[in-house]
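# Summary of structural features
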Amino acid sequence: GITCIDPRGHGQDVGRSCIFVRMHDKRILFDCGAHMSYNDDRRMPDFRLISASGRLDDQIDCVIISHFHLDHCGALPYLTEVVGYSGPILMTHPTRALCPLLMKDYARLTARPEPYTDRHIPGCMARVTAVQLHETLELMQGTLRVTPYYAGHVLGAAMFRVEANGLSVLYTGDFNMTPDRHLGCAKVPRMLRPDLMIMETTY
């Protein structure tokens, strides 16, 4: 079954969204955000309980970023270019386009010693695979399937369904159920029945 749900960032807090989920032998990291209220080690998620050795490629099969806000994506260059994760990273096309802009601002404005610099950002983003809404991407010879759904909230925001070993998880990130002038409300297929839903409850 789903044997591990481990918040590596926010948990009982707002900011630094980062949740590690183990589905049998598949391990997914949902979001990799920075905490905007701290100027010390608490800015970044704590990956030590995922891998004490620091070799995250052996412990994470896929990283999924729900949207471009820094509390959901701001630690991604730290994960890839400092800690050394080199596996798959998935996000939507608008999120991939907008993430580097916010990351560069964060790298320039954060207190020193900064967790990463703007020189780390291109290498990080080069590792990203962009996906379309409702497009199912198959990883690991088809044993891991990822499908994004519309989340509202901001341009490019998505909820992600992950399927592996006969199990499914729906991770919402931030979502909006009230349409406005620019964005509609979040929507998933009517008959979607995940085994586990991890839902943002800030609002």
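For the structure, check the block above.
Residue positions are given per chain, counted from 1 along the sequence in the order it is written. Where totals are concerned, whole chains, interfaces and linings use all residues; where local detail is concerned, this predicted model gives features only for residues with pLDDT of at least 70, and gives and counts side-chain atom pairs only at 80 or more. Hydrogens and water molecules were not included; the side-chain quantities draw on all heavy atoms of the structure.

### Regarding the sheet that holds strand 4 (residues 62-64)
Ordered by their spatial adjacency, six strands build an open sheet running 1-2-3-4-5-6, and the pairing between neighbours is mixed. A strand with exactly one partner marks an edge of an open sheet, and here the two such strands are strand 1 (2-7) and strand 6 (128-131). For this sheet, the mean inter-axis angle between neighbouring strands, taken without regard to orientation, is 25°. The pairing of strand 2 (residues 19-23) with strand 3 (residues 26-30) spans five bridges and is classified as antiparallel. The residue of strand 3 that forms the bridge with arginine 22 is arginine 27. Across the sheet, helix 2 (residues 76-83) lies against strand 3, strand 4 and strand 5 (89-92), angled at about 155° from strand 5, the strand it touches most. Any two strands are treated as partners once DSSP identifies two or more bridges connecting them. Each helix corresponds to a stretch of at least 4 residues labelled H or I by DSSP, and each strand to a stretch of at least 2 residues labelled E; elements are numbered beginning at the N terminus. Between N-to-C directions, angles cover 0 to 180 degrees, with each direction set by a line fitted to C-alpha atoms, over the stretch in contact for helices. Here, two residues are considered to be in contact whenever any of their heavy atoms come within 4.5 Å of each other.

### What about the environment of tyrosine 106?
Within the secondary structure, tyrosine 106 is located in helix 3 (residues 93-109). When its relative accessible area of 6% is taken as the criterion, tyrosine 106 is described as buried. Between the C-alpha atoms of tyrosine 106 and histidine 93, which are 13 residues apart in sequence, the distance is 21 Å. Think of it in three bands: residues with accessible area under 20% of the maximum for their type are buried, residues over 50% are exposed, and the middle band is partly exposed, with areas taken using a 1.4 Å probe on protein chains only.

### So, the pattern of salt bridges
Any carboxyl oxygen of Asp or Glu that lies within 4 Å of a side-chain nitrogen of Lys or Arg is treated as forming a salt bridge with it. The final tally for this structure, using the stated rule, is 11 salt bridges. The salt bridge partner of aspartate 105 is arginine 108, with a shortest N-O separation of 2.9 Å. Of the two residues, aspartate 105 and arginine 108 both sit in helix 3, three residues apart, roughly one turn of that helix. Overall, aspartate 105 belongs to the partly exposed group, its relative accessible area being 40%. For arginine 108, a relative accessible area of 53% gives the class exposed. Taken together, the salt bridges that share partners define one network made up of Glu138, Arg145, Arg161 and Glu163.

### Overview of the packing of aromatic side chains
Ring geometry is summarised as follows: Phe, Tyr and Trp rings, the Trp one being its six-membered ring, pair when their centres sit within 6.5 Å, and such pairs are stacked at plane angles under 30 degrees, edge-to-face over 60 and tilted between the two. Tallied over the entire structure, the rule returns three aromatic pairs. Ring geometry for phenylalanine 30 against tyrosine 171: centres 4.8 Å apart, planes inclined by 25°, an arrangement best described as stacked. Of this pair, phenylalanine 30 sits in strand 3 while tyrosine 171 sits in strand 10 (residues 167-171), and the two are 141 residues apart along the sequence. When the ring of phenylalanine 47 is compared with that of tyrosine 78, the centres are 6.4 Å apart and the planes differ by 25°; the resulting orientation is stacked. In this pair, phenylalanine 47 is assigned in the loop between strand 3 and strand 4 and tyrosine 78 in helix 2, connecting sequence segments 31 residues apart. Residue classification places tyrosine 78 among the partly exposed positions, given a relative accessible area of 22%.

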